[in-house]
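Topology and contacts: notes
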Amino acid sequence: MEKIYDVIIIGGGPAGYTAALYAARSGLLTIVLERQCAGGQMILAEKIENYPGIEVINGVALANKMRFSAEKFGAETKITEVIKTELKGNIKKIYTDDSIFLGKTVIIACGACARKLGLENEEKLTGKGISYCANCDGRFYKGKTAVVAGGGASAVAEALFLSAICSEILLVYRGKKLKAEEIYIDMLKNKGNVFFMPNTEITEFIYDKAVTGIKIKNNINGIEKTLKCNAVFVSIGREPSSKIFADEIETDENGYIKAKEDTKTNVDGVFAAGDIRTKTVRQIVSAVSDGAVAIYAAKEYLNLKI
């Protein structure tokens, strides 16, 4: 007889392993399907200082703690890539590159990735001067020079946040104008340490052991320059990992799964937790919260007492 899980969790980040902890601790037969390793995007963080109860920890260490906590209560982990899903009906089918998993409920928690500039050595320097989250890493560059790459609302917000920490902010964006609310642009303009660089793109990272500068190019006149900096915060949007669910699960125009605070999707017995769902705050603590909420919703669906 084929094994039928009470809960299949797709994605082993903070939301996924919190869901696994709550599910397994409730006695539910639980498995986490993770493509690479525990932690998701969190493992890119060299230091995490905003997780309650922990003074400082790196992303890998926190991820391993989360996995251990869930597995201690019986949750299983399988490192495998999900390639196809059949989510409608009482028994859900999850196809991976080497198996088929059957489950009564599914928690989709495979997150969203920051869009990268696509430049050479970008991956290598992530956590060594390149960051995709000012709120996470900004304070490590207190009193230093930081570049913010991007011209949208999120880039403006990152620049505003960093302007109170760093000595100098260079806002580099490819367009002529910033695409953000005027009130926030005006706030940036009133900052004495923010310098605007429109019609400009980064072409190369300069580094030793960590980022020491960038090369830029003006898209109008073609002039190239080299600038010194200590950090580059890339803020050009995020890409949710939702494509394989698109035929069954409703998403918004940006690809995020439509799910409110109860994490319920348009398909009964399927829930979305963490960065993959529509929400305004995408932090480790908010993902953890989603994971717990998703299991309460799943237990309700399974008609179990909370």
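As the structure is a prediction and not an experimental result, all values here were calculated from the model.

1. Quick notes on the environment of phenylalanine 271
Positionally, phenylalanine 271 belongs in strand E17 (residues 270-272). By relative accessible area, phenylalanine 271 is classed as buried at 3%. In sequence terms phenylalanine 271 and isoleucine 107 are 164 residues apart; their C-alpha atoms lie 4.8 Å from each other. Not counting chain neighbours up to four residues away, the residues in contact with phenylalanine 271 comprise Thr105, Val106, Ile107, Ile108, Thr263, Lys264, Thr265, Ala294, Ala297, Ala298 and Tyr301.

2. Digging into the pattern of salt bridges
Under the criterion given, the structure shown has twelve salt bridges. Note that lysine 264 and glutamate 300 form a salt bridge whose closest N and O atoms lie 3.5 Å from each other. Here glutamate 300 lies in helix H7 (residues 284-301) and lysine 264 lies in the loop between strand E16 (238-240) and E17, a separation of 36 residues in the sequence. For lysine 264, a relative accessible area of 39% gives the class partly exposed. Look at glutamate 300 and you get partly exposed, because its relative accessible area is 49%. When the shortest N-O distance is used, the salt bridge between lysine 279 and aspartate 290 registers 3.0 Å. Of this pair, lysine 279 sits in the loop between E17 and H7 while aspartate 290 sits in helix H7, and the two are eleven residues apart along the sequence. Of the two residues, lysine 279 and aspartate 290, both sit in the buried class. Where salt bridges share partners, they join Glu261, Arg277, Lys279 and Asp290 into one cluster.

3. Digging into the nonpolar core
Grouped together as the largest cluster of nonpolar side chains are 32 residues, with contacts concentrated most on Ile48, Met66 and Ile107. When residues of this core are traced back to their parent elements, those giving at least two are strand E1 (4-10), helix H1 (14-25), helix H2 (59-72) and H7. Among the elements that take part in this core, H7 stands out by supplying seven residues, more than any other. Residues Leu160, Leu162, Ile169 and Phe233 belong to the second largest nonpolar core, which totals 21 residues.

4. Details of the sheet that holds strand E14 (residues 224-228)
Pairing is antiparallel across the open sheet formed by three strands, whose spatial order is E12-E13-E14. Each having just a single partner strand, strand E12 (200-207) and E14 make up the two edges of the open sheet. Across the sheet, the mean angle separating the axes of adjacent strands is 25° when strand polarity is ignored. Where E12 lies against strand E13 (residues 211-218), seven bridges are found, and the strand directions are antiparallel. By the bridge assignment, glutamate 204 is partnered in E13 with lysine 215.

Thresholds applied
- Residues numbered from 1 in each chain as written.
- Predicted model: local features only at pLDDT ≥ 70, side-chain atom pairs only at ≥ 80, totals over all residues.
- Heavy atoms only, no water.
- Helix = DSSP H or I, 4+ residues; strand = E, 2+ residues; numbered from the N terminus.
- Buried < 20%, exposed > 50% of the residue type's maximum accessible area, 1.4 Å probe, protein only.
- Contact = heavy atoms within 4.5 Å.
- Salt bridge = Lys/Arg side-chain N within 4 Å of Asp/Glu carboxyl O.
- Core = buried A, V, L, I, M, F, W, Y, C linked by side-chain atoms within 4.5 Å.
- Pairing = 2+ DSSP bridges.
- Axes fitted to C-alpha atoms, helices over the stretch in contact; angles between N-to-C directions.

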